[in-house]
Amino acid sequence: MVDFGFGLVPSSRINLDLFDREKYDKLTAIEPDARICISCGSCTAVCTAGQFAHTSLREALDDILNANPDKALESLRSCQLCGKCAMVCPRGINTRHLILSIIKVYSGE
Ligand code: SF4
Ligand code: SF4
């Protein structure tokens, strides 16, 4: 097999029929910015915790839309709330607030 130096990642296509719309509406009511993420991955690229553990806001948002909130919570569990991701987000999302809101809505804390 030829090594091209890169691999294909699984599709991140979202099936809107699967996810929990009630909870998502609850999240976006307190955090409308959840709707404007463009999944660019800048937050994940600079993540402080990501150097030591699997931490990804981009993945967490995709997991929520793919009806996998437990995986989303797992992705955010090691977040240190340092705010580096907020500094690079091209959409100007208050990422720390968004992370806390995701945890609040989906873990019931
Ligand atoms: S606030 Fe959390 S998700 Fe954002 S860069 Fe810091 S550790 Fe990573
Ligand atoms: S940097 Fe902002 S727009 Fe890009 S994936 Fe993260 S939250 Fe979404």
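Looking only at helices and strands, one finds 6 helices and 0 strands in the protein chain. Reading the helices (α) and strands (β) of the protein chain from amino to carboxyl end gives α-α-α-α-α-α. Taking 2.2 N^0.38 as the reference for a compact globule, 109 residues should give roughly 13 Å; the C-alpha atoms of the protein chain span a radius of gyration of 14 Å, in line with that estimate. Reported as C-alpha extents along the three principal axes, the dimensions of the protein chain are approximately 50 × 35 × 25 Å. When the 109 residues of the protein chain are sorted by exposure, 26% land in the buried category. For the protein chain, contacts bridging at least 24 residues in sequence account for 62% of all contacts bridging at least 6.

Residues in close proximity to ligand 1 total 17 residues, the closest being C47, A49, C79, C82 and C85. Here the shell around ligand 1 is composed, by residue class, of 9 nonpolar, 6 polar and 2 charged.

Another aspect to go through is helix 4 (residues 69-76). Considered for burial, the residues of helix 4 that qualify are P69, A72, S75 and L76. Each buried residue of helix 4 lies within a common arc of 110 degrees when the element is viewed along its axis, so the set occupies one face. Here the buried face of helix 4 lies against helix 3 (57-65) and helix 6 (95-107).

In this section: the nonpolar core. Grouped together as the largest cluster of nonpolar side chains are 20 residues, with contacts concentrated most on L57, A60, L61, A72, L76, I99 and I102. Listed by contribution, the elements that provide at least two residues to this core are helix 3, helix 4 and helix 6. When neighbours within four sequence positions are excluded, L57 is seen to be in contact with C43, T44, L76, C85, T95 and I99.

This part is about helix 3. Within helix 3, 8 of the 9 residues are buried, which leaves the element mostly enclosed by the surrounding structure. Among the structural elements, helix 1 (21-30), helix 2 (42-46), helix 4, helix 5 (84-88) and helix 6 are those in contact with the buried residues of helix 3. Of the residues one or two after helix 3, A67 is the one with positive phi, at around 60 degrees.

Right, let's talk about the site of ligand 2 for a bit. Surveying the vicinity of ligand 2 reveals 14 residues, the closest of which are C37, C40, C43, R58 and C89. Elements supplying a minimum of two residues to the shell around ligand 2: helix 2 and helix 3. By residue class, the composition of the shell around ligand 2 is 8 nonpolar, 4 polar and 2 charged.

Let's shift gears to the environment of I102. Among the structural elements, I102 can be located in helix 6. As a C-alpha pair, I102 and A60 span 42 residues in sequence and 8.9 Å in three-dimensional space. Those residues in contact with I102 that sit more than four places away from it in its chain are L27, A60, A72 and L76.

About the thresholds
Residues numbered from 1 in each chain as written. Chains lettered and ligands numbered in written order. Predicted model: local features only at pLDDT ≥ 70, side-chain atom pairs only at ≥ 80, totals over all residues. Helix = DSSP H or I, 4+ residues; strand = E, 2+ residues; numbered from the N terminus. Rg over C-alpha atoms; globule rule 2.2 N^0.38 Å. Buried ≥ 20, exposed ≤ 12 C-beta atoms within 10 Å, placed from the backbone. Contact = placed C-beta atoms within 7 Å. Near = placed C-beta within 6 Å. Nonpolar A, V, L, I, M, F, W, Y, C, P; charged D, E, K, R; others polar. Arc of directions from axis to C-beta. Core = buried A, V, L, I, M, F, W, Y, C linked by C-beta atoms within 7 Å.

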